[in-house]
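Fold and contact review
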Amino acid sequence: MQRSPNDLSQLQATMRAIEVACSSIQMMVNRAEAEATILSLCQSPQPYQACQYILENSQMPNARFQAATAIRDAAIRDYCLCYVMQRASSPEGYVQAKVSAAAAQLMKRGWLEFSAAEKETFLSEVKQATLGIHGADVQFIGIKLMESLVSEFSLSTSTAMGLPAEFHDQCQKSMELEYLKTFYCWARDAASSVTNKILDSDSPVPETKVCTAALRLMLQILNWDFRYSKNGLESAKGKKNVFSAQVGNDNNLSRRSECTIVQPGPVWHDVLISSGHIGWLLSFYGALRQKFSCEGFWLDCPLAVSARKLIVQFCSLKGNIFHSDIGQMQENHLLQLLSGIMQWINPPDEVSKAIESGKSESEMLDGCRALLSIATVTTPVVFDQLLKSISPFGTLTLLSALMCEVLKVLMVRNAEEETWSWVARDLLLDTWTALLVSIESGGETGLLPAVGRNAASNVFSLIVESELKAASASAFSDDMASDYFQASASAMDERLSSYALIGRASIDITIPLLTNLFNERVARLHQGRGITDPTVTLEELYSMLLIIGHVLADEGEGETPLVPKAIQTQHVASGESEKHPVVVLSSSILNFAKQSLDSEMRASIFSPRLMEAITWFLARWSSTYLMPSEETGESNSGSCYDNNHMVQSSVSSKAFLIFGEHNQGKSVLDLVVHIATTTLVSYPGEKDLQALTCYHLLHALVRRRNVCVHLVGLDSWRRLANAFANERLLFTLYSAHQRSLAQTLVVSASGIKNPEASNQYVRDLMCHMTNYLMELSSKNDLKIVAHQPDVILLVSCLLERLRGAARATEPRMQKAIYEMGSTVMNSILIFLEVYKHEFAVVYLLLKFVVDWVDGQIIYLEAQETAGVVNFCMRLLQLYSSHNIGKISLSISSSLLSEAKTEKYKDLRALLQLLANLCSKDLVDFSSDSPETPGTNISQVVYFGLCIVIPLISLDLLKYPKLCHDFFSLLSHLLEVYPEMVAQLNDEAFSHVLGTLDFGLHHQDMEVVDMCLRALKALASYHYKETTVGKVGLGTRAAGSKDQNGQMSEGIFGRFLRTLLHLVLFEDYSTDLVSAAADALLPLILCEQSLYQRLGNELIERQVNPAFKSRLANALQCLTSSNQLSFTLDRMNYQRFRKNLINFLVEVRGFLRTIKILVLFPVLFVCKSVLQTSRIQDPGRILFEKIYPKQVK
Amino acid sequence: MSDEEHHFDSKADAGASKTYPQQAGTIRKNGYIVIKNRPCKVVEVSTSKTGKHGHAKCHFVGIDIFNGKKLEDIVPSSHNCDAPHVNRTDYQLIDISEDGFVSLLTENGNTKDDLKLPTDENLLSQIKDGFAEGKDLVVTVMSAMGEEQICALKDI
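All values derive from a computational prediction rather than experimental measurement.

Each value, and the rule that gives it
Residues numbered from 1 in each chain as written. Chains lettered and ligands numbered in written order. Predicted model: local features only at pLDDT ≥ 70, side-chain atom pairs only at ≥ 80, totals over all residues. Heavy atoms only, no water. Helix = DSSP H or I, 4+ residues; strand = E, 2+ residues; numbered from the N terminus. Buried < 20%, exposed > 50% of the residue type's maximum accessible area, 1.4 Å probe, protein only. Contact = heavy atoms within 4.5 Å. Areas by Shrake-Rupley, 256 points an atom, 1.4 Å probe, with all protein chains shown as cover. Pairing = 2+ DSSP bridges. Axes fitted to C-alpha atoms, helices over the stretch in contact; angles between N-to-C directions. UniProt positions renumbered as here; feature names shortened; annotations may be inferred. Salt bridge = Lys/Arg side-chain N within 4 Å of Asp/Glu carboxyl O. Buried area = accessible area lost by both parts, 1.4 Å probe. Polar contact = N/O pair within 3.5 Å; in protein donor to acceptor, adjacent residues only side chain to side chain. Expected span 1.5 Å × (residues − 1). Phe/Tyr/Trp six-rings, centres within 6.5 Å; stacked < 30°, edge-to-face > 60°. Parallel < 35°, antiparallel > 145°, perpendicular 65-115°, else oblique. Left-handed = near helix turned anticlockwise from the far one by under 90°. Nonpolar A, V, L, I, M, F, W, Y, C, P; charged D, E, K, R; others polar. pLDDT = per-residue confidence, 0-100.

1. Let's talk about the overall build of chain B
Summing up its helical and strand segments, chain B has 1 helix and 11 strands in all. Along chain B, helices and strands appear, N-terminal first, in the series β-β-β-β-β-β-β-β-β-α-β-β. Looking at the 156 residues of chain B, the share that counts as buried comes to 48%. If you take every contact in chain B between residues at least 6 apart in sequence, the share linking residues at least 24 apart comes to 47%. In the form shown here, chain B has an accessible surface area of approximately 7,800 Å², with 45% of it arising from carbon and sulfur atoms.

Set out below in structure tokens:
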């Protein structure tokens, strides 16, 4: 900018005045006058030019400081506050929003430094504005400004501003404790000051905007994540902040996220509860409703929407804002709200009719949201009672009626998503869930009141009806997404578990209903067999099985699920266990499923999809009801419930014992196994169905030992095992399923009491397969036969099966599985040779060995270990000889990338194999005494690693999993066996070091960390050894002369350089500093003279004398402060960590910026600019200003 | 398994059959399949159903192992597909002739001179460069359904 000489002299004069004032303040002379001078600068209307001039030209730091302060104050005052206030009526709302956001940010930046008086001045201007003295437009702006402030001060919506988290925390605390309530009151006053004007006028007035904004601000404040004012009793965990204040835009709020519990604490009691504020709000909205017929007001106008949002928000008020009077106050509060909300949702049929004929649904949906909020903060009994005092029916009845109405609408207009009835159904389902979950988990609240059970059963029957209708309507649709059982089940899972809760609320009604509906459909199938298309009925049955499965049993998620509490505790009229509704329903389904064993029935009725549902149901049902372990059943009924329930629950659990071990359990188990076998044998190619059988049903059966005991005794199970071992048929299963099946069958052997017998069982199961592999591998014409596709398929299947069996290793069957593997060891090597070009087979071979070694290694005796280890090494060598230096050629890029992926998978398997071998040194269950001379595992693994390393290219290390596996193995080896490094040959040694060096510069923090750990181990080993006079790593560490007579550095010298460079100049996460310190200390101790030299170099390089001395001091402190000594014990490591952190804090700032200047020549321009401006420490400022952008 | 059920005919002409039937449901990703009479490597398998209560069918995406073209097929998963007999043999590379043929040394000491070099510039240069450097190269020749091609190269 060009300045006239006149201006310039004026600016110089101002600068001098300020400088004089500053120095006089410092010297304590003429203080008042000096302060006045400075204040005049701050308050002058356009201080920018003067301040800029001072900043650029003054030599006096104090003067520059004052200038900077003045700029900030002026910016807030002029650019933001005044700007928005003066242009309040301008139509560009987004400009104003941006400016008020900027003002809020500026305020926050200075918040902790402003004095209370300064904040007061600013806020009083805001208050004036919100009171409406300057008119509605300014009032609106004032409220908007508060909105920006609140959102800027809330953690979840604040701007980062490059400030530490602590700063944000302090601002949030200050806002919450000192201003939030005040803001709320201002907003409330602003709203109530304009209500009359709005209600009196027949068309929208400017005040409408003000009122809407005020209501939004109140909502936003109630959404605040209250932390400090609720007495710190509960943390704010699990609460969701929604500060977005996008009130009008609520259609796509997702389920279960809508209900935030508001707990502002007792200090808010006067404002929110006792002031009659809610009454005002309700009556205001009530009055507003009357005006909806008028022009300019409608159900979805912003004002109405905001008011409703606020009312809904009030419904979720909770915590000690209510006095502890047994909830009376909260009940009154909720009742008051509910009576206001009733007009939105009651009577349900009229409401829904109105919506169907064109009325907006938003009020009704908000009513549902309010119910959800109330349900979340109350118990079912209180929830039901609320309405009873003002109406003839309880809230549960209303809820049920509302839900039925919604379901009816849903049934009429079928399955269109995103209609209002979908949203309403989900909201109401969530409400039910909120009510019923407390019963299911809390226990002591007991059951729903009788009327509630009735209501629930009404709703449930409609739910089932609507689901059936939806099922039959979709029976012929070819919707791809729902084709997969898994996908559709998990998508529906959430909804189904809500249904289940409702269904379980009154099992004496709902379960017989389900039984009837189920039997009806089954009967219909039988009648129509061969005459009519069964598809619709099949789809209905499919859907019913899903619902019933959810109602009867919970998902175990890896644990054994118990009979759901609601089912266990409910009193059921029927005395005999055979007539217990759950037993009746289970039996009907089992009977139906049994019919699938008949081939004719199967062909006409049991479609693959229906079988999927049956298999899924059986898996879920069996985990809970089939042969429950009796002890748990009794302890449950005895201890968990009070006396009143005990009698009933024992009746129920006794009823379920009908499927126990001493009752029908065995025959049901037999049936289940039969059905499972059928799905495997009689549904060729149905991969999804068979996956369910293998991974769900059979796994569920063998998971419990007491079931296995019976399983191995069953003929059906034996037949399945026999078919698996000896018949061709099961080879047509997908090979991964065969693996799972092998695993399941082997695991079931744990049910045999005698260990020798269980080993024999496994031998019988697997011996044909191992024999076959051996036979094939010894064939003379193997080379020719092996590549026939059918032989490849067979070999793959057998390997998968062996792998499955290997994965089932348990101590009891360990011996048989060891024999299984050891007999095929030789064949495996032969196959590896023959199939060297057949990736799929090679991978299976490797994976089998990996799993087998993993299961076996810890049990093996010395001799067995030697054999296995030897085998593994031969495997590695063979693999390496086939693959090293091999280049795949293909015209197709996707085939080439497949080849790369294949390589990656192989190498990962090899690394896993080595890691498994390593575990022998950590865990060993063999009977050998530790003194027995055994295989030196460390030697073997190093040897293996040296074979593998050349196969791993830098390209392959781009696969994160492989990279991770590789470095964790490497660092493990170096940490546990550092002495082995000395024995490596040169090539292997340089490979290891090269990879370490590569790893140190890796982006993945964990990889760097692992490398640092490895370095630490190496260096500390060497140091400790040499201090006691041993050689340590010997020549490796000392460095050597190469052919030209050049002295090359030893490894520790090299790594010392690298690490120092890394620590001082490069980017890394601060989490790595401790690990780096741990590695650096032993390195320094190993190479003390080099360290001195490097330190001196570093100091010499500094041009700035100030930095020079700082650096020298810091280096001195690094190695001497905190009583650091020359030992490598825990204490010393800790001290050095502290020292390094301090050191880095001190020097990294200036060291690094200098490097940045070198790195980015462009920045020299900036540098020269800054240097002429004579601001100190250009490096740091540059770093702060420019470096973050570079990083981004 | 009993011999009866798993008997292999180790006929001398075992390699003669070009394809074998295999149930569609058992074909995995990375396996081989014949689509439109071309040998392909399977790069993608997905299953779907013919109508909700119908039977499963497999959708294969394969890449022609010789010309790299993408081919797709849908087969009921209980039906059989053709799986090609893909053979790979290693030969030592003796010479590259000017007219674009290679001379290969077989295991029993004979030479095989009927294999043409690939036309693709990139592949061609990879083979030629290695050979020109005087390395001992082993080439892997892939053959299936009457076609042959060099598919890999290894330095010994």
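2. Brief notes about the sheet that holds strand 3 (residues 38-49) of chain B
Residue and element names in this part refer to chain B. Across the sheet, which stays open at both edges, the 4 strands sit in the order 2-3-4-5 with antiparallel pairing between neighbours. Taken across any chain shown, the strands that pair with only one partner, and hence form the sheet edges, are strand 2 (32-35) and strand 5 (70-76). Here the average twist between neighbouring strands, direction ignored, is 45°. Where strand 2 meets strand 3, 4 bridges bridge the pair, whose relative direction is antiparallel. Residue I35 lies in a different strand from strand 3, and its bridge partner there is R38.

3. What to know about the UniProt feature "domain: Translation initiation factor 5A C-terminal" (unreviewed entry) in chain B
Sequence positions flagged by UniProt for "domain: Translation initiation factor 5A C-terminal" (unreviewed entry) are, in local numbering, residues 85-154 of chain B. Between the end C-alpha atoms of residues 85-154 of chain B there is a gap of 23 Å, over a span that is 17% helix and 53% strand.

4. Section: the pattern of salt bridges
By the definition in use, this model includes 45 salt bridges over all chains. Residue E555 of chain A is joined to R620 of chain A by a salt bridge in which the shortest nitrogen-to-oxygen separation is 3.8 Å. Taken together, the residues E555 of chain A in the loop between helix 22 (535-552) and helix 23 (565-569) and R620 of chain A in helix 26 (residues 608-625) connect sequence positions 65 residues apart. Among the charged side chains, a network of salt bridges with common partners joins R739, E800, R803, R807 and D851 of chain A together with R28 of chain B.

5. Quick word on unusual backbone geometry
A cis amide bond, omega -10°, links N346 of chain A with the succeeding residue P347 of chain A. Although it is not a glycine, M627 of chain A adopts a positive phi angle of roughly 50°. By secondary structure assignment, the location of M627 of chain A is in the loop between helix 26 and helix 27 (630-639). Taking the relative accessible area as the measure of exposure, M627 of chain A reaches 0% and is therefore buried. With phi around 80°, N30 of chain B is a residue other than glycine that occupies positive phi space. We classify N30 of chain B as buried; its relative accessible area is 12%.

6. As for the interface of chain B and chain A
Chain B puts 57 residues into the contact, and the matching count from chain A is 69 residues. Roughly 5,300 Å² is buried in total at the junction of chain B and chain A, and carbon and sulfur atoms are behind 54% of that figure. Seen at the junction of chain B and chain A, the total is 8 salt bridges. Summed over the shared surface of chain B and chain A, the result is 22 residue pairs in polar contact (both at pLDDT 80 or more). Secondary-structure elements contributing two or more residues to the side of chain B that touches chain A are strand 1 (19-23), strand 3, strand 4 (56-64), strand 6 (80-84), strand 7 (87-96), helix 1 (121-132) and strand 11 (147-155) of chain B.

7. Observations concerning helix 39 (residues 862-883) of chain A
In an α-helix, one full turn covers 3.6 residues, which means residues spaced three or four apart are oriented alike. In this model, helix 39 of chain A (22 residues) spans 31 Å end to end at C-alpha, consistent with the 32 Å of a helix rising 1.5 Å per residue. G885 of chain A lies just past helix 39 of chain A and shows a positive phi near 75°.

8. Side note on the UniProt feature "domain: Exportin-1 C-terminal" (unreviewed entry) in chain A
The positions that UniProt labels "domain: Exportin-1 C-terminal" (unreviewed entry) are, in the present scheme, residues 949-1019 of chain A. Between the first and last C-alpha atoms of residues 949-1019 of chain A the distance is 22 Å; the span itself is 72% helix and 0% strand.

9. Notes on the packing of aromatic side chains
All names here are of chain A. Applying the stated criterion to the full structure yields 19 aromatic pairs over all chains. Plain terms: the ring middles of W280 and F284 are 5.8 Å apart, the flat faces sit at 5° to each other, and that makes the pair stacked. Separated by 4 residues within a single helix, W280 and F284 lie in helix 11 (residues 277-290), roughly one turn from each other. Under the relative-accessibility criterion, F284 is labelled buried at 3%.

10. Quick look at the packing of helix 19 (residues 450-474) of chain A against helix 21 (residues 507-528) of chain A
Residues and elements named next belong to chain A. Axis separation between helix 19 and helix 21 bottoms out at 9 Å; the angle between their running directions is 20°. Classified by the interaxial angle, the pair formed by helix 19 and helix 21 is roughly parallel. Both helix 19 and helix 21 take part in a crossing whose hand is right-handed. Packed against helix 19, whose contacting residues are N454, S457, F460, S461, V464 and L468, the element helix 21 presents I509, T510, L513, L514, L517 and R521 at the interface. Its residues assigned to classes, the contact of helix 19 with helix 21 comprises 7 nonpolar, 4 polar and 1 charged.

11. Some remarks on helix 21 of chain A
All names here are of chain A. The first and last C-alpha atoms of helix 21 sit 31 Å apart over 22 residues, in line with the 32 Å expected at 1.5 Å per residue. Along helix 21, the positions that sit buried rather than exposed are I507, T510, I511, L514, T515, L517, F518, R521, V522, L525 and G528. Positive phi shows up at G530, right after helix 21, with a value of about 80°.

12. Observations concerning the confidence of the model for chain B
Residue and element names in this part refer to chain B. Predicted confidence across chain B gives a mean pLDDT of 84, with 90% of residues reaching 70 or more. In this model, residues 1-15 is a region of pLDDT below 50 whose contacts with residues beyond four sequence positions or in other chains number 28 contacts. ipTM for the predicted complex: 0.90, alongside a pTM of 0.78.

13. Considerations on the sheet that holds strand 10 (residues 137-144) of chain B
Across the sheet, 6 strands lie side by side as 1(A)-11(B)-10(B)-7(B)-8(B)-9(B); this open sheet has antiparallel pairing. Edge strands, defined here as strands with exactly one partner in the open sheet, are strand 1 (886-888) of chain A together with strand 9 (111-116) of chain B. Across this sheet, the average inter-strand angle for adjacent strands is 40°, counted without regard to direction. Helix 1 of chain B contacts strand 1 of chain A together with strand 7, strand 10 and strand 11 of chain B of the sheet and is inclined by roughly 55° relative to strand 7 of chain B.

14. Some words on the environment of H662 of chain A
Topologically, H662 of chain A is positioned in the loop between helix 28 (643-656) and helix 29 (665-681). Judged by its relative accessible area of 69%, H662 of chain A is exposed.

15. A word on the pairing of strand 11 of chain B
Sheet analysis places strand 1 of chain A next to strand 11 of chain B, joined by 3 bridges and oriented antiparallel. Residue pairing for strand 11 of chain B: I887 of chain A is matched across the bridge by L153 of chain B. Of the strand pairs in this sheet, strand 10 of chain B and strand 11 of chain B are connected by 8 bridges, and their pairing is antiparallel. Residue pairing across strands places V139 of chain B opposite L153 of chain B, the latter belonging to strand 11 of chain B. Counting the residues that bridge the hairpin from strand 10 of chain B to strand 11 of chain B gives 2 residues, and of these M145 of chain B lies at a positive phi of roughly 50°.

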